[in-house]
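Here is what each chain is made of, one letter per residue.
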Amino acid sequence: MPKHWLKVTTDQECSVFINLKTGAQSYADPRLALPLLRTPGGNPTQYPKFDDLSTIAEVLNDCDVPGKYIIILGGTSGVGAYLARSLASRGSIVTCLSRNPPSGRWFGFPYTNPLPSPSNGSLFWTHLDLSSMQSIFGFAEMYNKTSWPVHSLVLAAATLPESFENQKSTDGFDRVVQVNLLSQVLLVRLLQHRLNEATRSTVVFVSCEALRATNIAEVDDVYPALEPLRSSYSDICGRVQLYANTKFLQVLFALAFREFLQRRKRRYPLISVCSPGNLIRRSKLISSASWTRWWWLKCLRLLAYPLSKSMVSEPID
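Analysis parameters
Residues numbered from 1 in each chain as written. Predicted model: local features only at pLDDT ≥ 70, side-chain atom pairs only at ≥ 80, totals over all residues. Heavy atoms only, no water. UniProt positions renumbered as here; feature names shortened; annotations may be inferred. Phe/Tyr/Trp six-rings, centres within 6.5 Å; stacked < 30°, edge-to-face > 60°. Helix = DSSP H or I, 4+ residues; strand = E, 2+ residues; numbered from the N terminus. Buried < 20%, exposed > 50% of the residue type's maximum accessible area, 1.4 Å probe, protein only. Salt bridge = Lys/Arg side-chain N within 4 Å of Asp/Glu carboxyl O. Expected span 1.5 Å × (residues − 1). Arc of directions from axis to C-beta. Contact = heavy atoms within 4.5 Å. Pairing = 2+ DSSP bridges. pLDDT = per-residue confidence, 0-100. Core = buried A, V, L, I, M, F, W, Y, C linked by side-chain atoms within 4.5 Å. Axes fitted to C-alpha atoms, helices over the stretch in contact; angles between N-to-C directions. Parallel < 35°, antiparallel > 145°, perpendicular 65-115°, else oblique. Left-handed = near helix turned anticlockwise from the far one by under 90°. Nonpolar A, V, L, I, M, F, W, Y, C, P; charged D, E, K, R; others polar. Bend = angle between axes of the 7 residues up to and from the residue. Polar contact = N/O pair within 3.5 Å; in protein donor to acceptor, adjacent residues only side chain to side chain.

Where an unreviewed UniProt entry is consulted, the protein chain appears under the name WW domain containing oxidoreductase, with the organism given as Echinococcus granulosus. The annotation that UniProt attaches to the protein chain under Sequence similarities (unreviewed entry) is "Belongs to the short-chain dehydrogenases/reductases (SDR) family."

Dropping the structure here:
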């Protein structure tokens, strides 16, 4: 915290920041007002920290996003939609991928005309169905024909299993596993060369705290998670367990991809995994599986966390 500032929690469980010298009080984190010190090469020497009061708009205030080409998977609802609008309003060229178009003004992709003025935002959309591998290949082929780079790829799409849905995708995989994991891995692989060519590129996996309830503790547990039994859809505990396993496997892929790049001494793309408001620490990934025997706690957390994936709300004045 900055000098003289203190964070306290009120009786209503709200975080308030108090300046002990002036007596000023604020719901906004004072660390957001601190400028970032940068090296001659432009790299920041320190990063601001954000907490549950921080919004997407505040996080992006000091980010160099104008003119960046960003692809957001699942950018038409939830966190992805608000992130897409915020980036476009700051001059980024944002391409949203989803089954349904975003609300508001957008352009179809591919776009052959000159890019709109950044002041008006540049939000593009094209249809993409994660339950179809052919749809992934089609978009990658279409994007690679353009001259657009990929400065950032944000994977913010996920689906919750339903008891009445068809468990198999058109490609023969479990539908939830394909949507939450396999198709996203394929998209990263098909766009990897564009990410390698871009300067300071990033891949961001927007995960969920539900992954802490996974029952994957050993390598042999991965195979049943990739091919879940039909009985997994029969009750709510099985469905939320399936969802947790797919999010956990997504993080494992992100870690493996990062290590793959490090072994080849490639600095970019940078691989990040986050859940709204919480950074997922690597040291907690495997150890979190030890409490899965507490089935009642697992169900409670799994039911709560997927429904809390939102960063749209602003701090209360």
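Next comes the rest of the write-up.
(A) Molecular detail of the packing of aromatic side chains. What the rule picks out here adds up to 12 aromatic pairs. A ring pair is formed by F139 and Y143, whose centres lie 5.7 Å apart and whose planes are at 45 degrees; its orientation type is tilted. Of this pair, F139 and Y143 both sit in helix α3 (residues 133-144), 4 residues apart, roughly one helical turn. Across the pair, exposure class does not vary: F139 and Y143 are buried alike.

(B) A look at the pattern of salt bridges. Taken as a whole and assessed by the stated rule, the structure comprises 1 salt bridge. E141 is the salt-bridge partner of K145, the closest N and O atoms lying 3.9 Å from each other.

(C) How the structure looks around α3. Along its 12 residues, α3 runs 17 Å from first to last C-alpha, staying within 8% of the 16 Å computed at 1.5 Å per residue. When α3 is considered as a whole, its buried residues turn out to be M133, S135, I136, F139, A140 and Y143. The buried residues of α3 occupy one face: seen down the axis, they fall within an arc of 160 degrees. Contact partners of the buried residues in α3: β4 (69-73), β5 (93-98), β7 (122-127), α4 (175-190) and α5 (192-197).

(D) How the structure looks around the pairing of strand β8 (residues 152-155). Burial along β8 is two-sided: S152 and V154 facing one way and L153 and L155 facing the other are all buried. As defined by bridge partners, β4 adjoins β8 across 4 bridges and the pair is classed as parallel. Within the sheet, the bridge partner assigned to I71 lies in β8 and is L153. Pairing of β8 with strand β9 (residues 202-206) involves 4 bridges; the strand directions are parallel. Within β9, the residue paired with S152 across the bridge is T202.

(E) Local environment of the confidence of the model for the protein chain. When the pLDDT values of the protein chain are averaged, the result is 77; 72% of them are 70 or greater. When mean pLDDT is compared element by element in the protein chain, β8 scores highest at 94, while strand β11 (residues 278-279) scores lowest at 40. In the model, residues 277-294 has pLDDT below 50 throughout and makes 30 contacts with residues more than four positions away in sequence or in other chains.

(F) Spotlight on the sheet that holds strand β1 (residues 5-9). Taking strand neighbours across the sheet as the criterion, the 3 strands line up as β1-β2-β3 in an open arrangement whose pairing is antiparallel. Strand pairing shows two members of the sheet lacking a second neighbour, β1 and β3 (25-26), which therefore form its edges. In the sheet, strand β2 (residues 15-19) pairs with β3 via 2 bridges, with the strands oriented antiparallel. Looking across to β3, one finds that F17 is bridged to S26.

(G) Geometry of the nonpolar core. Within the largest apolar cluster, 40 residues are counted, with the highest numbers of intra-cluster contacts made by F139, Y143, L153 and L187. At the level of elements, β4, β5, α3, β8, α4, β9, α7 (236-263) and β10 (270-275) are the ones that each hand at least two residues to this core. Considering every element that reaches this core, the biggest residue donor is α7, with 7 residues. Residues in contact with Y143, not counting those within four places in the same chain, are Y69, I71, T95, F109, W148, P149, V150, L191 and R194. Among the nonpolar cores identified, the runner-up in size contains 19 residues, and A88, L123, W125 and V206 belong to it.

(H) Up close: the pairing of β7. Counted residue by residue, β7 has 5 buried out of 6 residues, so it is predominantly covered. Taken together, the 6 bridges between β5 and β7 define a ladder with parallel strand orientation. Bridge assignment links C96 to a residue of β7, and that residue is W125.

(I) Molecular detail of the packing of α3 against α4. Two elements in contact, α3 and α4, have axes separated by 10 Å at closest approach and are oriented at 25 degrees. Accordingly, the angle class assigned to the pair α3 and α4 is roughly parallel. In the crossing of α3 with α4, the sense of the turn from one axis to the other is right-handed. Facing α3, whose interface residues are M133, I136, F137, F139, A140 and N144, α4 presents Q178, L182, S183, L186, L187 and L190. Looking at the contact of α3 with α4 residue by residue, the class counts come to 9 nonpolar, 3 polar and no charged.

(J) Representation of α4 in the model. The largest bend in α4 amounts to roughly 35 degrees and is located at L182. α4 sits mainly inside the fold: 12 of its 16 residues count as buried. Among the residues of α4, R175, V176, V177, Q178, V179, N180, L181, S183, Q184, L186, L187 and V188 are the ones counted as buried. Of the residues that open α4, the one with a side-chain oxygen 3.1 Å from the backbone nitrogen of V176 is D174.

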